[in-house]
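Working through the structure, step by step
So you can see what is in the structure, the chains are spelled out below.
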Amino acid sequence: MPLKVGLVGCGAIGAEIAKAIDSGVVDAELIAVCDHNPQTALALIESLQHKTKKADLAELVRLSDVVVEAASQKAVPAVARAALAAGKRLMIMSVGALADMDLFREIKSLAKSHCSQVYIPSGAISGLDALKSARAGRIERVTLTTTKNPSGLRGAPYIMENRIDLDSLSGPTQIFSGSAIEAVRAFPANVNVAATLYLAAGEKEVLVKVFADPNIRVNRHEIEVEGDFGRFFTRVENVPSPRNPKTSYLAALSAISTLRSIVEPIKIGT
Ligand SMILES: NC(=O)C1=CN([C@@H]2O[C@H](COP(=O)(O)OP(=O)(O)OC[C@H]3O[C@@H](n4cnc5c(N)ncnc54)[C@H](OP(=O)(O)O)[C@@H]3O)[C@@H](O)[C@H]2O)C=CC1
Ligand SMILES: O=C([O-])CC(=O)C(=O)O
């Protein structure tokens, strides 16, 4: 029996996941989709060869083995509670929601008490394998430096609240520096990866810097980690999703790869 996947959020990442299942890249069945905009869900279904059904959250959870959240940080509490309370496995893309440590602990405890599992893909960054290994020892410092084109940062709460004029920039400009928890609230659709680093490092503080650069065409994430193991530095220059420039294509690929790892008998990497 193929793994039954229910998808919440039919945007840039959701559409790539659906396409990967539809084309057989992931050996699974897309059992249902939902989106708070019914037209978005219907358009995605229309684009698929193997049609699936549009469902509300309760029905989607009932039909699924794995529920994939690819919607928004705001969607995470309801999706996580519904999926885990029903004993279903859960993948979370809007990881920034888990910077709310009360929610994180509730999700962890729900997963444990219902013998379920929560998957947090690497998303748009590299280096989580080494960070997870490093965590077995002492980690000294974690830094994330994210640089995006203003088109990928527009509309973020931090930009609006501080009235940052992105159009006036002529070169790379640091617009934010703060903790992972501050960063995911300030840029909920830009630096979910900061929360992923924070959790992978064992709730170790992450210094997050965000740069806007009108001349950059990639979403760049640079990570530096120091600890007992030594030091590593990684840089990813991501192709932005054509449908949503805030989101890197690699984030969708990482969700697809995580789904594949659920169904593959051999697991490679930390
Ligand atoms: N972990 C990582 O590395 C990364 C995580 N992300 C995060 O993953 C999530 C998905 O990204 P992406 O696909 O690019 O986002 P998109 O905005 O392209 O797609 C999200 C879709 O979900 C819909 N949606 C939003 N809230 C809800 C809800 N409560 N219930 C149902 N549907 C909802 C949106 O509708 P509408 O547009 O009408 O609001 C939209 O159709 C985002 O939170 C994003 O920030 C993105 C990149 C990397
Ligand atoms: O896709 C990216 O480059 C990262 C991103 O938006 C996020 O972590 O929210």
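Rules and cut-offs
- Residues numbered from 1 in each chain as written.
- Chains lettered and ligands numbered in written order.
- Predicted model: local features only at pLDDT ≥ 70, side-chain atom pairs only at ≥ 80, totals over all residues.
- Heavy atoms only, no water.
- UniProt positions renumbered as here; feature names shortened; annotations may be inferred.
- Near = heavy atom within 4 Å.
- Polar contact = N/O pair within 3.5 Å; in protein donor to acceptor, adjacent residues only side chain to side chain.
- Areas by Shrake-Rupley, 256 points an atom, 1.4 Å probe, with all protein chains shown as cover.
- Nonpolar A, V, L, I, M, F, W, Y, C, P; charged D, E, K, R; others polar.
- Domains from an automatic or database assignment.
- Helix = DSSP H or I, 4+ residues; strand = E, 2+ residues; numbered from the N terminus.

- As annotated in an unreviewed UniProt entry, the protein chain carries the name L-aspartate dehydrogenase and comes from Methanothrix soehngenii.
- Regarding the protein chain, the UniProt comment filed under Function (unreviewed entry) reads as follows: "Specifically catalyzes the NAD or NADP-dependent dehydrogenation of L-aspartate to iminoaspartate."
- In its Sequence similarities (unreviewed entry) section, UniProt records this for the protein chain: "Belongs to the L-aspartate dehydrogenase family."

1. Structural notes on the site of ligand 1
- With respect to spatial proximity, 24 residues lie near ligand 1, and among them Ile 13, Asp 35, His 36, Ser 94 and Thr 247 are the closest.
- Take Asn 192: an N or O atom from its side chain is 3.0 Å from an oxygen atom of ligand 1.
- Summarising the interface, the protein chains cover 79% of the accessible area of ligand 1, which totals 910 Å² for the free molecule.
- Its residues assigned to classes, the shell around ligand 1 shows 13 nonpolar, 10 polar and 1 charged.
- The residue makeup of the shell around ligand 1 includes at least three contributed by each of domain 1 (3-123 + 250-263) and domain 2 (128-244).

2. As for the site of ligand 2
- In the vicinity of ligand 2, the contacting residues are Ala 124, Lys 148, Ala 189, Asn 190, Val 191, Asn 192, Val 193, Asn 219, His 221, Lys 246, Thr 247 and Ser 248.
- Between ligand 2 and Lys 148 there is a distance of 3.0 Å, counted from an oxygen atom to a side-chain nitrogen or oxygen.
- In this structure, Val 191 approaches ligand 2 through a main-chain N or O atom, which is 3.3 Å from an oxygen atom.
- Its free accessible area being 260 Å², ligand 2 has 94% of it covered by the protein chains.
- Mapped by element, the contributors of at least two residues to the shell around ligand 2 are α10 (192-200) and β10 (219-227).
- By residue class, the composition of the shell around ligand 2 is 4 nonpolar, 6 polar and 2 charged.

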